[in-house]
Amino acid sequence: MTDQPNTPAVLAVDWGGTWCRAGLIDRQGEVLWQARRPNPRGGGTAQYLALADTLLAEAFGLEGIHADSIGIAVAGPVDPESGTLYQPPNLMPLDGISLKQIWHERYGLPVALGNDANMAAIGEFHFGAGRDAAQAGRPHRSLFYVTVSTGIGGGVVERGSLLLGANGLTAEVGHTTIDTTTSAPPCQCGKRGCLEAVSSGTAIAAYARARLSEGRNRDSALAALSPEDLSARAVVAAAVQGDTFAHAVIARAVEGLAIGLANVVHLFNPDLIILGGGVSEGLTQLNLLPRIRQGIHERLMSELHKVFDLVPSVLGDNSGLLGAAAAAWELTDNL
Ligand SMILES: [Zn+2]
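Please read these numbers as outputs of a predicted model, since none were measured by experiment.

S.K.: Break down the domain arrangement of the chain for me, citing the residues and quoting the values.
M.R.: Domains assigned within the chain are domain 1 (7-123 + 318-333) and domain 2 (130-313). Between domain 1 and domain 2, the C-alpha centre-to-centre distance is 27 Å. Facing the 13 residues of domain 1 at the interface are 16 residues of domain 2. For the pairing of domain 1 and domain 2, the buried interface totals around 1000 Å² over both sides, and the portion due to carbon and sulfur atoms is 56%. Broken down residue by residue, the surface that domain 1 buries against domain 2 is led by Pro80, Asn118 and Ala121, which jointly contribute 44%. In this structure, the connection of domain 1 to domain 2 is made through zero salt bridges. In this structure, the connection of domain 1 to domain 2 is made through one residue pair in polar contact (both at pLDDT 80 or more). For the side of domain 1 that touches domain 2, the secondary-structure elements that each account for two or more residues are helix 3 (116-127) and helix 11 (319-333). In terms of residues, the side of domain 1 that touches domain 2 owes the most to one element, helix 3, which gives five residues.

What follows is the structure, given as structure tokens:
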């Protein structure tokens, strides 16, 4: 909060599968105010829109902060021009809805909207690891952000601009195929052998469960957990304690991530790769970033491809919110 009158800000919204968050963010990326509400369980489109309206009314009703654009990060595929959501698996009540159009008409403000991984990429570029690198004298030209959590997503910022593709669907690194064997694990998307099916939090937990159900590795601390408690977080925690089986489970995910990111490097030639999401925090805690970098390097075709930094996310849980803010500031600056 600030006591200064009429502090310029933008209104940023980060709408995920569980929470809708709103924040007022200044030009430097400082969060001046924020609030969040849980998504209405079992609610329909009207209940979801009412929830967001409550948060927006709260933000616009604050004295002393003036927002003149809106940025939105949503968990799901979005048409970059119309802002229409296409079958977002975790936000199905918003399928076919354009928050960009609805909120532009309601508030008379310019609205930027994008998928949360893309928004996180521009958030890191403007306010996070990208800004830190630039301020440290290592400005980069091409940034790749990857989030490894329940699923795996990505975003590319090329010379300051988000690379969108024809329909805003670029950088779906989680659904690139990295395992073509007959035993490749199934993915949420209905295919097999995707990076997400090998290295996401969901995949880490599923792999650990499957191996333990075979009756081996009974000496692992993870063998004492119920299947519901056997999460990726639990696997990381056991690995931190030196659990051999947990380390083997994590090593498989790391290998998959290195393969996926080597593909990314060949496709996009980034000079900065940022690892976000809860699983990445665990990998950072286990000091596995050098191993990931090594695994990428081993697969690259040229020495020049190896010239990149691999760093953890600076913004963490705020990356989507601050990305939405950065996109909104781009609109404000162009007004
Ligand atoms: Zn997939």
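S.K.: Residue-level account of the nonpolar core, with values.
M.R.: If you look at the biggest cluster of nonpolar residues, it comprises 45 residues, and the most contacted ones within it are Leu222, Val235, Ile250, Leu261, Ile292 and Ile296. Residues in contact with Ile292, not counting those within four places in the same chain, are Val254, Leu257, Ala258, Leu261, Leu275, Leu283 and Leu310. Core analysis: the next-biggest nonpolar cluster, separate from the first, contains 33 residues, Trp33, Ala35, Ile72 and Val78 among them.

Cut-off values and rules
- Residues numbered from 1 in each chain as written.
- Predicted model: local features only at pLDDT ≥ 70, side-chain atom pairs only at ≥ 80, totals over all residues.
- Heavy atoms only, no water.
- Domains from an automatic or database assignment.
- Contact = heavy atoms within 4.5 Å.
- Buried area = accessible area lost by both parts, 1.4 Å probe.
- Salt bridge = Lys/Arg side-chain N within 4 Å of Asp/Glu carboxyl O.
- Polar contact = N/O pair within 3.5 Å; in protein donor to acceptor, adjacent residues only side chain to side chain.
- Helix = DSSP H or I, 4+ residues; strand = E, 2+ residues; numbered from the N terminus.
- Core = buried A, V, L, I, M, F, W, Y, C linked by side-chain atoms within 4.5 Å.
- Buried < 20%, exposed > 50% of the residue type's maximum accessible area, 1.4 Å probe, protein only.

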